[in-house]
Amino acid sequence: MKILVCISHVPDTTSKINFTDNNTKFDTNGVQFIIGPYDDYALARAVELKEASGATITVLNVGLADTEPTIRKALAIGADDAIRVNAEPTDSFFVASQIAAQAKGGGYDLILMGRESIDYNSGAVHGIVGEMLGIPSVSPVMKLEIEGVKAKLAREIEGGKEYLEVSLPFVAGCQEPIAEWKIPNMRGIMSARTKPLKVVEPVATDSGVRLEKFELPPAKGAVKMIAADNVVELVTLLKNEAKVL
Amino acid sequence: MNILVFTESAEGKIKKTSLEAVAFAHAMGGNVSAIAIGQVEQAELENLGKYGATRVLHAADEKLNQGVIQAYAAVLAKAFQDEQADVLVLADSSLGTPVGARVAAKLDASLASNVVQLPDTSSGFVVKRSIYTGKAFANVSLTKSKKVIGIKKNAAEVKEVGSPASVTAFQASLSAADFSTTITSSEKATGEVLLPEANIVVSGGRGMKGPEHWGAIEELAKTLGAATGCSKPVSDMGWRPHHEHVGQTGVKVAPQLYIAIGISGAIQHLAGVNSSKCIVVINKDADAPFFKAADYGIVGDAFDILPKLNEAIKAAR
Ligand SMILES: Cc1cc2nc3c(=O)[nH]c(=O)nc-3n(C[C@H](O)[C@H](O)[C@H](O)COP(=O)(O)OP(=O)(O)OC[C@H]3O[C@@H](n4cnc5c(N)ncnc54)[C@H](O)[C@@H]3O)c2cc1C
Ligand SMILES: Nc1ncnc2c1ncn2[C@@H]1O[C@H](COP(=O)(O)O)[C@@H](O)[C@H]1O
């Protein structure tokens, strides 16, 4: 089985977000980058499938050269080779076009992604890729079992779960508890250095989305503390001041 | 401008978030058509007129009673073309968001999800979307003639602006490929307030010590007509179901009121709640980081405060 895992390279979940260049560029100063947490679940599930019944895993990232340490980490976790599409990932449509171009003719049985990136939060790349390749896309997937040419999935819906069956190939946007995040071991880290990482140039596409300006939310006012023996006051404030009761 | 709105339903009723989508489209101005897919009560369909739809389409094919992503996308793309729509508006959800992505790809439309306010059309078509899991916003121009936008909860206020509309049956030509995923079964909490749509959320963390103590949280939620939520470790340990887990890697909520009990306020948890209008934090540790993100705070023991708070709210309502 051939599995393609698409990973984003995103600020660590504890990062403070700032912008530069008159609010048109993300400020990378002091920011640690990680594999997108949902993409990490996708990768972990791919590695489990490989361990259970054999598979080759290709990781794909659309990004500039600074994403290579993140890609190497995915190789250390268990991917066999990697593709980096050498372009800034400006929006989901652009990224999806690049992934579809790489996946076309690649013979992948399974394309795994995260349910959403934690920078753009679009939750869209998997759906667009599915449409572009003319194959099903399912998200957010919390369980994935392969049974021959079919897969059994569970998808999270508001207040519950939905169970599905789908034939390979398809695209899945993954989330927990599909697998446990994997931490690379020493052997993985050593072998990752020599695993193939192919750099390809992007295909031309018009995504129809253009950034104008970033914006930070207004600063939060100070918290009002209420004594533990005075919950009645809290209720009064919620009713009359915050007007939320 | 012709606007098509996809209205999602659950158990025959149009979802509140979809009413917001209709209200949003109405506030954008222009001609608003709404489309519902699958089994929906007739009165619910007609009532979409009240919230601003001038036309209501209903794709009632039995095969569409379950939310199959590809099939729904095919229906919406066809309706978009038939209605000569310029914009498709839908409410972001576990179904709406993935469906919207496929529709945008089918139509070659500009796509934006997570939109938080009405587009600025003074020059072009600029939408404001929430990014970095609520930590920032991006204003983006959608430059293609066709557009698909997914809106976040609370992007518009539901108001009655018109009268019930008549309902037109909508026939979509669906192929077998549109049904290549089969939904075999589903499990769904019924009768409860659903977390992503709730106006009030009562949420508990590891400070609640164990699942046996959730009665107090449920009591308070019941009094408030609220949904219950939890932090990630709480769902990881199986104290609460996974769909209640709030945060960066869980549900992002946007209620009027979020009450956090025994949750420390890790940045990953805050990422799921920072769109709440008002946040109340109850924690025995005065230095818990959550207080910095709160509007009101009480330092104290949850087991002591919860029953008192419940009584005080009952008395005030
Ligand atoms: C990539 C990543 C993603 C993550 N995503 C999420 C996410 O989506 N959602 C999420 O919640 N977490 C997430 N986390 C985990 C997060 O970092 C925290 O570990 C978690 O939120 C802590 O949960 P907690 O507040 O319930 O527990 P704790 O941090 O253990 O806090 C318990 C709190 O309860 C208080 N307490 C104890 N006893 C009482 C009492 N009797 N009365 C009142 N208060 C009491 C304590 O003072 C303490 O503040 C993520 C972590 C990572 C690395
Ligand atoms: N730059 C990227 N390179 C490769 N995959 C990506 C990239 N950005 C997003 N993805 C994948 O697409 C998923 C959904 O992203 P999004 O639509 O941006 O929320 C992510 O979870 C990743 O798996």
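Residues numbered from 1 in each chain as written. Chains lettered and ligands numbered in written order. Predicted model: local features only at pLDDT ≥ 70, side-chain atom pairs only at ≥ 80, totals over all residues. Heavy atoms only, no water.

Residues and elements named next belong to chain A. Among the 20 residues in the neighbourhood of ligand 2, the closest are listed as Cys6, Asp39, Ser117, Gly123 and Ala124. In this structure, an oxygen atom belonging to ligand 2 sits 3.4 Å away from a main-chain N or O atom of Glu116. The contact in question runs from an oxygen atom of ligand 2 to an N or O atom on the backbone of Ala124, over 2.8 Å. For ligand 2, whose free accessible area comes to 490 Å², the fraction covered by protein is 98%. Where the shell around ligand 2 is concerned, the elements lending two or more residues are strand S6 (56-62), helix H3 (92-103) and strand S8 (110-114). Among the residues making up the shell around ligand 2, the classes are represented as ten nonpolar, eight polar and two charged. (Near = heavy atom within 4 Å. Polar contact = N/O pair within 3.5 Å; in protein donor to acceptor, adjacent residues only side chain to side chain. Areas by Shrake-Rupley, 256 points an atom, 1.4 Å probe, with all protein chains shown as cover. Helix = DSSP H or I, 4+ residues; strand = E, 2+ residues; numbered from the N terminus. Nonpolar A, V, L, I, M, F, W, Y, C, P; charged D, E, K, R; others polar.)

Moving on, we get to unusual backbone geometry. Glycine aside, residues mostly have negative phi, and peptide bonds are mostly found in the trans state. Cis rather than trans, the peptide bond between Ser139(A) and Pro140(A) has omega equal to -10°. Within the fold, Pro140(A) resides in strand S9 (residues 137-147). Backbone torsion omega between Glu176(A) and Pro177(A) reads 0°, so that peptide bond is classified as cis. Counting through the fold element by element, Pro177(A) comes out in the loop between strand S12 (170-174) and helix H5 (186-192). Of note in the backbone geometry, Asn114(B) takes a positive phi value of approximately 60° without being a glycine. Assignment of secondary structure puts Asn114(B) in strand S7 (residues 110-115). Despite not being glycine, Tyr132(B) shows a phi value in the positive range, around 45°. Secondary-structure assignment places Tyr132(B) in the loop between strand S8 (126-131) and strand S9 (136-142).

Take the pattern of salt bridges next. Counted according to the given criterion, the structure contains 29 salt bridges over all chains. Its salt-bridge partner being Asp80(A), residue Lys50(A) comes within 2.8 Å of it at the nearest N-O pair. Within this pair, whereas Lys50(A) is found in helix H1 (residues 37-53), its partner Asp80(A) is found in the loop between helix H2 (68-77) and strand S7 (81-85), the two being separated by 30 residues in sequence. Glu83(B) is paired through a salt bridge with Arg55(B); the nearest N and O atoms lie 2.8 Å apart. You can see Glu83(B) sitting in the loop between helix H3 (69-82) and strand S6 (87-91) and its partner Arg55(B) sitting in strand S5 (residues 55-59), a full 28 residues away along the chain. When salt bridges with common partners are traced through the structure, they connect Arg45(A), Glu48(A), Glu145(A) and Lys182(A) into a single cluster. (Salt bridge = Lys/Arg side-chain N within 4 Å of Asp/Glu carboxyl O.)

Moving on to the side chain of Thr7(B). Summarising the element assignment, Thr7(B) is placed in strand S1 (residues 2-7). When neighbours within four sequence positions are excluded, Thr7(B) is seen to be in contact with Ile14(B), Ser18(B), Val22(B), Ala34(B), Ile35(B), Ala36(B), Ile37(B) and Leu48(B). (Contact = heavy atoms within 4.5 Å.)

Attention now goes to the site of ligand 1. Close to ligand 1 lie 28 residues; Lys209(B), Ser231(B), Ser264(B), Gln268(B) and Asn283(B) are nearest. Around ligand 1 the close residues trace back to chains A and B. Take Gln268(B): an N or O atom from its side chain is 2.7 Å from an oxygen atom of ligand 1. Summarising the interface, the protein chains cover 81% of the accessible area of ligand 1, which totals 980 Å² for the free molecule. The set of elements that each furnish at least two residues to the shell around ligand 1 consists of helix H6 (232-236), helix H7 (267-270) and helix H8 (302-316) of chain B. Residues of the shell around ligand 1, tallied by class, amount to seven nonpolar, 15 polar and six charged.

Moving on, we come to the interface of chain A and chain B. Listed by partner, the interface residues are 80 residues for chain A and 87 residues for chain B. With a closest N to O distance of 2.8 Å, Glu215(A) and Lys128(B) form a salt bridge. Put simply, chain A and chain B have 47 residue pairs in polar contact (both at pLDDT 80 or more) between them. Breaking the side of chain A that touches chain B down by element, the ones donating at least two residues are H1, helix H4 (125-133), S9, strand S10 (150-157), strand S11 (160-167), strand S14 (209-215), strand S15 (224-226) and helix H6 (231-240) of chain A. If one sorts the elements of the side of chain A that touches chain B by residue count, S11(A) sits on top with eight residues. Of the residues assigned to the side of chain A that touches chain B, the class counts are 43 nonpolar, 17 polar and 20 charged. In this structure, S14(A) lies alongside S9(B), joined through six bridges in antiparallel fashion. Bridge pairing in S9(B) links Lys213(A) to Asn139(B). (Pairing = 2+ DSSP bridges.)

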